[in-house]
Amino acid sequence: MRMDLQTEIIVENLNLYYGKKKALNNVSLSIPENKVTALIGPSGCGKSTFLRTLNRMNDLIEGVKIEGTVLFDDRNIYDNSVDVVELRKRIGMIFQKSNPFPKSIYENVAFGPKINGVSNKSQLDEIVEQSLIRSALWDEVKDDLNKSGLALSGGQQQRLCIARALAVNPEVLLMDEPASALDPISTTKIEDLIYELKKKYTIIIVTHNMQQAARVSDFTAFFYMGDLIEFTDTRKMFTAPDLKQTEDYIRGRFG
Amino acid sequence: MQKKNGNTNSLDRKFRLSEFLSEYIIKTVAFSSFAIIILIFVFVFKEAAPIFFPKEKKAETSQFLQSETYGEEPGTEQPENSLELYSSYTPSHDVASFKNLTGKNWQPVGEEPKYGVLPLIIGSLKVTVLAILFGAPIAILAAIFSALFAPKGLREIIKPIIELLASFPSVVIGFFALVTLATVLQNIFGYSYRLNAFVGGLAMALAVIPIVYTVTEDALTAIPKYMSEASLALGATKWQTALFVVMPAATPGIFAALLLGFGRAFGETMIVLMATGNAPLSTFNIFEPVRTMSATIGAEMAEVVFGDTHYTVLFFIGASLFVVTFAINAIAEFYVRTKLMKRFRGE
Ligand SMILES: Nc1ncnc2c1ncn2[C@@H]1O[C@H](COP(=O)(O)OP(=O)(O)O)[C@@H](O)[C@H]1O
Ligand SMILES: [Mg+2]
């Protein structure tokens, strides 16, 4: 990796077990700031698992055991002194299946700020508007903010979820196949959005779509059966990867 | 591939006796239980019917038994009637009609029987509302804990234990209230009537808790996990997630749980019969004895004369109870179905 980049998250010797089953095997990598890092690999290789270790969402699953360190803001986020709630405010997450709350569009976006204690109406209005603008949804919904978030189309719902995550002002966005359930036009919108968002946020995105990884990301990590096989510049990854295994997978997927 | 044997593999329809019989038996049983319910419907309403078609009755003498009471004497509040209360009589105003039902006194036995159901309605409402007030918060908090906070192992212990409470015979709860709870509460609060609406309501809460708990728990666990994950990923705490995401999404279910609890308490007989003192008073003081609609039927039905006005009125009360509980259950069912579905379809 080039040395002029600032590093946002440093993962060192990460092992993760679901009960007895090992899902991540000694993974180490450094995620650069204000760049898009794509995680690719066959289904079940541990991409989602890895992504969820970065904001400790795996804590919610019973029987998970984690070893190793994840450094963020010079702290090991698995250290006992780290507050998970604060961590998740700074490292937001977008899920594969869009999951707006059964509340209005406005309430969806205002949820994060509200639980953080923002109660001033005009301040909330401002946050909601800014978040929706940044997630490229404002023009489509500005006239019916009181409509249920669930009444939106799939692509709009996913952008609403992005707006909801942006409203708490995170530094990092984790995205787990955010466009896998969307039509091509919505997918393009999300990809354009990612391109815009990386100016301000560090983005880590899981995708099973090689073209998408090639289009949106600056760096790509290739996982295989819980191992990090290769991590490098996206252009290099898709033209001249170091390892034969990576090349085979990528060529197979581009087919 | 095997060559087909024309005989055994023919497509002719076969008669399978065991299939036929079991299907037939299941059908018969299902339909007869349905028919029995309908028949009970018809019977109850038929017996209550004279209320709606009042006619002057011929004088008719009948020996009434002394009305049984539990705890406080029901007649003490109406001293002017207490003498006539136990004598046999020839009824003259003894007509079942709406006019007779709206009075403030329930004295079905006596020279001038009074069939005012108001104190009974007040009694039922008082005990039921108290039961919900005591039981629902406990049940809902327990449901929140076991559905959203407890580790899986603990949940698998809590849930069956609370649900076990539902299988307690209500006479056991009533007995416990009558013998133990009443004394303890009187010592604590120092009110004058040992058995009263407060004791009844508290005992009834024991019957209401398992229903409200179970239905609420189911409603909470039915909220998809991705909903709470979304909230937690935004940096909400577990409590904030429970309170602002899961609970609101589950309100129809929780509302239904409250309705079902209400219906259960409203129709419950044995607990109130044993724990409330059974005096048909029209007051809103929760520390005075009350008599509920259900307890009235339970206490008096055995000693009325078949076809008599008193008999008809008791059936009318029964029919009303029936209608109320039926309506409450129907609303609960309907409300949950439609609301919950709508909410998750984003309408
Ligand atoms: N909650 C879980 N409990 C047990 N095993 C899990 C759980 N989630 C994922 N796994 C297992 O961990 C491995 C990695 O899964 P995952 O991270 O979802 O893969 P990917 O996102 O790359 O498809 C898979 O073998 C999967 O079966
Ligand atoms: Mg995955």
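The rules we used
- Residues numbered from 1 in each chain as written.
- Chains lettered and ligands numbered in written order.
- Predicted model: local features only at pLDDT ≥ 70, side-chain atom pairs only at ≥ 80, totals over all residues.
- Heavy atoms only, no water.
- Core = buried A, V, L, I, M, F, W, Y, C linked by side-chain atoms within 4.5 Å.
- Buried < 20%, exposed > 50% of the residue type's maximum accessible area, 1.4 Å probe, protein only.
- Helix = DSSP H or I, 4+ residues; strand = E, 2+ residues; numbered from the N terminus.
- Contact = heavy atoms within 4.5 Å.
- 1 Å grid on protein atoms, 1.4 Å probe; cavity = no way out; pocket = protein on both sides within 12 Å on 5 of 7 lines; lining within 4 Å.
- Points joined across faces, edges and corners; volume = space filled by probe spheres on them.
- Nonpolar A, V, L, I, M, F, W, Y, C, P; charged D, E, K, R; others polar.
- Expected span 1.5 Å × (residues − 1).
- Arc of directions from axis to C-beta.
- Buried area = accessible area lost by both parts, 1.4 Å probe.
- Salt bridge = Lys/Arg side-chain N within 4 Å of Asp/Glu carboxyl O.
- Polar contact = N/O pair within 3.5 Å; in protein donor to acceptor, adjacent residues only side chain to side chain.
- Pairing = 2+ DSSP bridges.
- Axes fitted to C-alpha atoms, helices over the stretch in contact; angles between N-to-C directions.

## Overview of the nonpolar core
Stage number 1. Formed by 56 residues in total, the largest nonpolar core has its most connected members in F101(A), F111(A), V199(B), M204(B), V208(B) and L220(B).
Stage number 2. For this core, the element with the highest residue contribution is helix 6 (residues 197–221) of chain B, accounting for 12 residues.
Stage number 3. The contacts of F111(A), once residues within four sequence positions are left out, are F101(A), K103(A), S231(B), L234(B), A236(B), F244(B) and V245(B).
Stage number 4. Membership of the second largest hydrophobic core comes to 30 residues, among which are I9(A), A23(A), Y78(A) and L174(A).

## What to know about empty space enclosed by the protein
Stage number 1. A full pass over the atoms with the stated rule returns 4 cavities of 30 Å³ or more.
Stage number 2. What the second largest cavity holds in volume is close to 70 Å³.
Stage number 3. Contributing to the lining of the second largest cavity are G92(A), M93(A), I94(A), F95(A), N99(A), Q158(A), C161(A), R164(A), A165(A), A230(B), A233(B) and L234(B).
Stage number 4. Only strand 6 (91–94) and helix 6 (154–166) of chain A together with helix 7 (225–233) of chain B provide two or more residues apiece to the lining of the second largest cavity.
Stage number 5. Here the lining of the second largest cavity gets 4 residues from one element, more than from any other, and that element is helix 6 of chain A.

## Structural notes on the layout of surface pockets
Stage number 1. Of the voids in this model, the largest pocket is the one considered here, and its volume is about 770 Å³.
Stage number 2. In terms of lining, the largest pocket is formed by 25 residues, of which the most central are L60(A), A147(B), L148(B), F149(B) and K225(B).
Stage number 3. The residue inventory of the lining of the largest pocket, partitioned by class, reads 13 nonpolar, 4 polar and 8 charged.

## Considerations on helix 4 (residues 121–134) of chain A
Residues and elements named next belong to chain A.
Stage number 1. Along its 14 residues, helix 4 runs 20 Å from first to last C-alpha, staying within 8% of the 20 Å computed at 1.5 Å per residue.
Stage number 2. Within the sequence span of helix 4, burial applies to L124, V128, S131 and L132. The buried residues of helix 4 occupy an angular sector of 95° when projected down its axis, which confines them to one face.
Stage number 3. Elements in contact with the buried residues of helix 4: helix 3 (105–115), helix 5 (138–141) and helix 6.

## A closer look at the interface of chain A and chain B
Stage number 1. Contacts between the two partners involve 26 residues from chain A, matched on the other side by 23 residues from chain B.
Stage number 2. Here chain A meets chain B over a buried area of about 2000 Å², counting both sides, of which 67% is carbon and sulfur.
Stage number 3. A salt bridge links R52(A) to E229(B), with the nearest nitrogen and oxygen atoms 3.1 Å apart.
Stage number 4. Along the contact surface separating chain A from chain B lie 5 residue pairs in polar contact (both at pLDDT 80 or more).
Stage number 5. Counting residues per element, the ones that place at least two in the side of chain A that touches chain B are helix 2 (84–90), strand 6, helix 3 and helix 6 of chain A.
Stage number 6. The residue makeup of the side of chain A that touches chain B, split by class, is 15 nonpolar, 4 polar and 7 charged.

## Overview of the pattern of salt bridges
Stage number 1. Taken as a whole and assessed by the stated rule, the structure comprises 25 salt bridges over all chains.
Stage number 2. In this structure, K147(A) engages D144(A) in a salt bridge whose closest nitrogen and oxygen atoms are separated by 3.8 Å.
Stage number 3. You can call K147(A) partly exposed: its relative accessible area is 36%.
Stage number 4. The class for D144(A) is partly exposed, based on a relative accessible area of 30%.
Stage number 5. Among the ionic pairs, E300(B) bridges to R291(B), the shortest N-O distance being 2.3 Å. For the pair E300(B) and R291(B), a shared accessibility class is recorded, and that class is buried.
Stage number 6. Residues participating in the shared-partner salt-bridge network are R155(B), K159(B), E163(B), E217(B) and D218(B).

## So, the sheet that holds strand 10 (residues 227–233) of chain A
Residue and element names in this part refer to chain A.
Stage number 1. A sheet is described by the order of its strands in space; here 6 strands give the open sequence 6-7-8-3-9-10, paired in mixed fashion. Two strands in the sheet have a free side with no partner beyond their single neighbour: strand 6 and strand 10. Strand-to-strand twist across the sheet, computed as the mean angle between neighbouring axes with direction ignored, equals 15°.
Stage number 2. In terms of strand pairing, strand 9 (residues 219–224) meets strand 10 through 6 bridges, oriented antiparallel. Each bridged residue has a counterpart across the sheet, and for T220 the counterpart in strand 10 is T232.

## A closer look at unusual backbone geometry
All names here are of chain A.
Stage number 1. Positive phi outside glycine occurs at N13, with the angle close to 45°.
Stage number 2. Tracing the chain through its elements places N13 in strand 1 (residues 7–18).
Stage number 3. Phi at N34 is positive, roughly 50°, even though this residue is not glycine.
Stage number 4. Topologically, N34 is positioned in the loop between strand 2 (21–32) and strand 3 (36–40).

## Examining the pairing of strand 3 of chain A
Residues and elements named next belong to chain A.
Stage number 1. A large share of strand 3 lies buried, amounting to 5 of its 5 residues.
Stage number 2. Judged by which residues are buried, strand 3 turns out to be covered on both faces: V36, A38 and I40 on one side and T37 and L39 on the other are all buried.
Stage number 3. Looking at chain direction, strand 3 and strand 8 (residues 202–206) are connected through 4 bridges and run parallel. Along strand 8, the bridge assignment pairs A38 with I205.
Stage number 4. With 4 bridges connecting them, strand 3 and strand 9 associate as parallel partners. When the sheet's bridge partners are listed, T37 is paired in strand 9 with F219.

## Things to note about the sheet that holds strand 2 of chain A
Stage number 1. Strands sit in the order 2-1-4-5 (chain A) across an open sheet of 4 strands; the sheet is antiparallel. Pairing within the sheet leaves two strands with one partner each, and these edge strands are strand 2 and strand 5 (75–76) of chain A.

## A short note on helix 1 (residues 17–48) of chain B
Stage number 1. End to end, helix 1 of chain B covers 46 Å across 32 residues, agreeing with the expected 46 Å (1.5 Å per residue, within 8%).
Stage number 2. Those residues of helix 1 of chain B not exposed but buried are V44(B), E47(B) and A48(B).

Function cannot be inferred from these measures alone, as they are strictly geometric.
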